Amino acid sequence: ALESIQHDCVLDGELVALDRQGVSRFQLLQNALRTEASLQYCIFDIMFLNGKDLRGCTLLERKAQLARLVPKHKLLRYSEHRFEHGTKYFNEAKKKKEEGIMAKRADSRYLSGKRTMDWLKIKTGARQEVAIVGFTAPRRSRKYFGSLVLAVRKGGQWQYVGHAGTGFDLATLKSLHGKMLPLRTKNSPFESTIKDEAHTTWVKPKLVGEVKFTEWTDKGEMRHPAFIGLREDKKPEEVVRE
């Protein structure tokens with residue numbers, strides 16, 4: 001598809017897998033080599049055109065050049081942009097359960113290989129209440145524990161939904177560890193084995209937490225869960241998948 005562009009150019013874009021509603025889903029992309037997927041290459045920037053370096057031009061100037069280049073093709077998509085009203089479009093993305101939005105300064109230059117505040121990825125992020133049923137051993141410089149083992153109730157049983165290893169500061173690590181130690185038990189709440197089980201300390205499901213995450217996987221697990229805090233107002237038996 002890219003060979004149909006009749007110019008010598010260097011483009012920046014991202015391969016995405018679309019669901020039936022035309023929304024990109026990372027899970028579909030991960031499985032694209034094993035199952036049939038609707039793939040598109042979304043092109044959002046151009047760095048070089050016919051030997052000319054465009055990286056010093058503004059984003060809007062580069063995209064004006066790019067819009068004229070991208071041909072109509074089912075596998076290619078020119079990445080449209082909207083001016084201002086970022087909060088409005090963020091709320092739209094959240095309502096559609098999309099991953100988030102990219103916010104870019106209209107007058108920004110292209111800085112190869114550098115991260116800047118001119119391009120921001122702002123994720124919508126889903127939230128879920130979970131029961132804490134275990135914790136893994138700390139690694140490297142981490143103190144107290146590595147990650148929390150999370151579960152929800154399903155059919156009267158505990159269902160594993162992932163590990164949360166981010167979202168903690170040192171004070172939170174220490175406080176949570178102190179709350180979990182008296183709840184230690186030898187028994188796993190799950191019928192099947194989960195990852196890192198050999199390095200897991202099980203705890204009775206007495207503590208309820210809240211996490212944010214990007215999406216549910218096909219296995220019923222949360223992708224990239226991050227701990228937000230404990231929920232004192234919820235009983236573990238009330239925690240179900242939202």
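Provided above is the structure to which this section pertains.
Remember, it's a predicted structure, so these values are computed and weren't measured experimentally. (Residues numbered from 1 in each chain as written. Predicted model: local features only at pLDDT ≥ 70, side-chain atom pairs only at ≥ 80, totals over all residues. Heavy atoms only, no water.)

Asks: Honestly, the nonpolar core in this entry has me stumped. Any pointers?
Replies: Side chains of nonpolar character tend, in soluble globular proteins, to be buried together. Judged by nonpolar contacts, the single largest core of 23 residues is most densely connected at Ile132, Phe145, Leu148, Leu150, Met180 and Met222. Taken together, the elements giving at least two residues each to this core come down to β7 (126-136), β8 (148-154), β9 (157-164), α4 (170-180) and β11 (200-213). Looking at this core element by element, the count peaks at five residues for β11. In contact with Ile132, other than residues within four places in its own chain, are Leu148, Val149, Leu150, Leu176, Met180, Val203, Lys204, Pro205, Leu207, Phe227 and Leu230. Ranked by size, the runner-up nonpolar core spans eleven residues in total, among them Ile43, Ile46, Leu49 and Val70. (Core = buried A, V, L, I, M, F, W, Y, C linked by side-chain atoms within 4.5 Å. Buried < 20%, exposed > 50% of the residue type's maximum accessible area, 1.4 Å probe, protein only. Helix = DSSP H or I, 4+ residues; strand = E, 2+ residues; numbered from the N terminus. Contact = heavy atoms within 4.5 Å.)

Asks: What's the story with α4 in this structure? I'm lost.
Replies: Since the α-helix packs 3.6 residues into each turn, any two residues three or four apart lie on the same face. Taken together, the buried positions of α4 are Leu173, Leu176, His177 and Met180. All buried residues of α4 fall inside an arc of 100 degrees around its axis, so they share one side. In this structure, α4 carries Ala171 and Lys174 as exposed residues pointing more than 90 degrees from its buried face. Looking at the buried positions of α4, the neighbouring elements they touch are β7, β8, β10 (184-185), β11 and β12 (226-230). (Arc of directions from axis to C-beta.)

Asks: Please clarify how helix α3 (residues 86-95) should be interpreted in this entry.
Replies: Here α3 has its buried residues at Tyr89, Phe90 and Ala93. The buried side chains of α3 occupy one side of the element, clustering within an arc of 105 degrees when seen end-on. The outward face of α3, more than 90 degrees from its buried face, is lined by the exposed residues Thr87 and Lys95. Residues of α3 that are buried sit in contact with β5 (100-104) and β6 (119-123).

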